[in-house]
Amino acid sequence: MDVERIQCLASGLLKELPAQFIRPADERPENTKAVEGVTVPVISLSLPHDILVKQVAEAASDWGIFLITDHGISPTLISQLQEVGQQFFSLPQKEKEAYANDPSTGSFEGYGTKMTKNVQQKVEWIDYYFHMMTPPSKVNYDMWPKNPPSYREVTEEYTKQLLSLTDKVLELLSEGLGLEKKALRSSLGDENMEMEMKINMYPPCPQPELALGVEPHTDMAALTLLIPNDVPGLQVWSQDRWVAVDYLQNAFFVHIGDQLEVLSNGKYKGVLHRTLVNKERMRMSWAVFVAPPHEAVIGPLPPLVNQGNPPKFSTKTYAEYRHRKFNKLPQ
Ligand code: OGA
Ligand code: NI
């Protein structure tokens, strides 16, 4: 089946937004503006350890999102990652379509245009590329772009470095729960923990005040480490209003996802977020989802549960959680 790509639509000099992208009035950016003067926490990984643990735990509890700086991943590698992703999206359409995904098979790997079902059948203003990064046994390099030729080398290096950054963040989050350092990583499957790359590409949009790039959602996995380009657009829901997350060069935008909310028995919050699009400029972001393997059983961690603090979430496999989330069934 041919899928209409947003990038193709956007390149056709549209003056008006087609009806399927126009959000109901109560969802439109023009009617749900972000509050001014509020910013999400920015945390330097070079802080003394105890202070760092405290700041990370507070940000994960109060916001479910925080930015990290001084993380040790080189700006050169980040630029290279952005470069190869942009190069892929600038390929001729036919070449991109060779990687088109087929979500009906249960896998989203490849080039795609829509990842979630929604109630009003409104379409998000976004194309994406999705593939597994690790563990090696789950990676199928045929699903990675072969063009530009350096895509693989750059993304393999990024995977390696991001895995150690992920370990560090999971250690801090574990300690923030009063658990030993490896607790969360081990709940997420240790060596079998997965990382997935989603390159989000939001073309310029003729009427951005009426559309959304991605609609409000929480990320289903455990943790998301995201690098955007310099076009703003990410907003998070906090204290009953939208808060814009300002771009900060080379900082990682760390989102707490559903699985960490469950494992922490609600101490850490899966952050509700959405993206807006831009009239003149293409926005891109590189989201890495850190997830347990499908067969992992995820529930509130026993040390965090007692008589006074009963489990707030049911325990189930990640496969079951995904099935319910995709089909909008109660968890
Ligand atoms: C996502 C997402 C936000 C962004 O891919 O799940 O929320 O800034 N992306 O692109
Ligand atoms: Ni998200």
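My aim in this report is to walk through the structure given alongside it, one point at a time. (Residues numbered from 1 in each chain as written. Chains lettered and ligands numbered in written order. Predicted model: local features only at pLDDT ≥ 70, side-chain atom pairs only at ≥ 80, totals over all residues. Heavy atoms only, no water.)

1. Brief notes about the site of ligand 1
(1) Moving on: Taken together, K198, N200, Y202, H217, D219, L226, L234, H273, T275, R283, S285 and F289 form the complete shell of residues around ligand 1.
(2) Moving on: For ligand 1, an oxygen atom lies 2.6 Å from a polar atom in the side chain of Y202.
(3) Moving on: Residue S285 places a side-chain N or O atom 2.6 Å away from an oxygen atom belonging to ligand 1.
(4) Moving on: Those elements that provide at least two residues to the shell around ligand 1 are β5 (194-202), β11 (273-275) and β12 (283-291).
(5) Moving on: Counted by class, the shell around ligand 1 contains four nonpolar, five polar and three charged residues. (Near = heavy atom within 4 Å. Polar contact = N/O pair within 3.5 Å; in protein donor to acceptor, adjacent residues only side chain to side chain. Helix = DSSP H or I, 4+ residues; strand = E, 2+ residues; numbered from the N terminus. Nonpolar A, V, L, I, M, F, W, Y, C, P; charged D, E, K, R; others polar.)

2. Considerations on the environment of M197
(1) Moving on: Looking at where M197 falls in the secondary structure, it is placed in strand β5.
(2) Moving on: Under the relative-accessibility criterion, M197 is labelled buried at 0%.
(3) Moving on: On a C-alpha basis, the gap between M197 and L225 in space is 9.8 Å, while along the polypeptide they are 28 residues apart.
(4) Moving on: The contact partners of M197, leaving out residues within four places of it in the chain, are L81, Y129, F130, H131, M133, Y151, Y158, W286, A287 and V288. (Buried < 20%, exposed > 50% of the residue type's maximum accessible area, 1.4 Å probe, protein only. Contact = heavy atoms within 4.5 Å.)

3. Details of the packing of helix α3 (residues 75-89) against helix α5 (residues 151-176)
(1) Moving on: Their axes nearest at 10 Å, the elements α3 and α5 cross at an angle of 135 degrees. By the angle between their axes, α3 is oblique relative to α5. When the axes of α3 and α5 are compared, the crossing they make is left-handed. Of the residues in α5, those touching α3 at L77, Q80, L81 and V84 are Y151, V154, T155, E157, Y158 and Q161.
(2) Moving on: Tallied by class, the residues present in the contact of α3 with α5 amount to six nonpolar, three polar and one charged. (Axes fitted to C-alpha atoms, helices over the stretch in contact; angles between N-to-C directions. Parallel < 35°, antiparallel > 145°, perpendicular 65-115°, else oblique. Left-handed = near helix turned anticlockwise from the far one by under 90°.)

4. Let's talk about the packing of aromatic side chains
(1) Moving on: Taken as a whole, this structure holds 11 aromatic pairs when the rule is applied.
(2) Moving on: Seen in terms of ring centroids, F108 and F326 are 5.2 Å apart; in terms of plane orientation they differ by 40 degrees. Their pairing is tilted. Of the two residues, F108 sits in the loop between α4 (93-97) and β3 (110-112) while F326 sits in helix α8 (residues 318-326), which places them 218 residues apart along the sequence.
(3) Moving on: Overall, F326 belongs to the partly exposed group, its relative accessible area being 23%.
(4) Moving on: A centroid spacing of 6.0 Å and a plane angle of 85 degrees characterise the contact between W144 and Y151, whose relative ring orientation is edge-to-face. The same class applies to W144 and to Y151, which are both buried.
(5) Moving on: Over the ring of Y141 we find R152; its NZ or CZ atom is 3.5 Å from the centre of that ring.
(6) Moving on: Directly above the aromatic system of Y128 lies the positively charged group of K198, at a separation of 5.6 Å from the ring centroid. (Phe/Tyr/Trp six-rings, centres within 6.5 Å; stacked < 30°, edge-to-face > 60°. Lys NZ or Arg CZ within 6 Å of the ring centre and 35° of its normal.)

5. Considering the side chain of Q82
(1) Moving on: With respect to the helices and strands, Q82 occurs in helix α3.
(2) Moving on: Judged by relative accessible area, Q82 falls into the buried class, the value being 17%.
(3) Moving on: Reaching out from Q82, the side chain makes a polar contact with the backbone oxygen of P228 at a distance of 3.2 Å.
(4) Moving on: In contact with Q82, not counting residues within four places along its chain, are I227, P228, N229 and W286.

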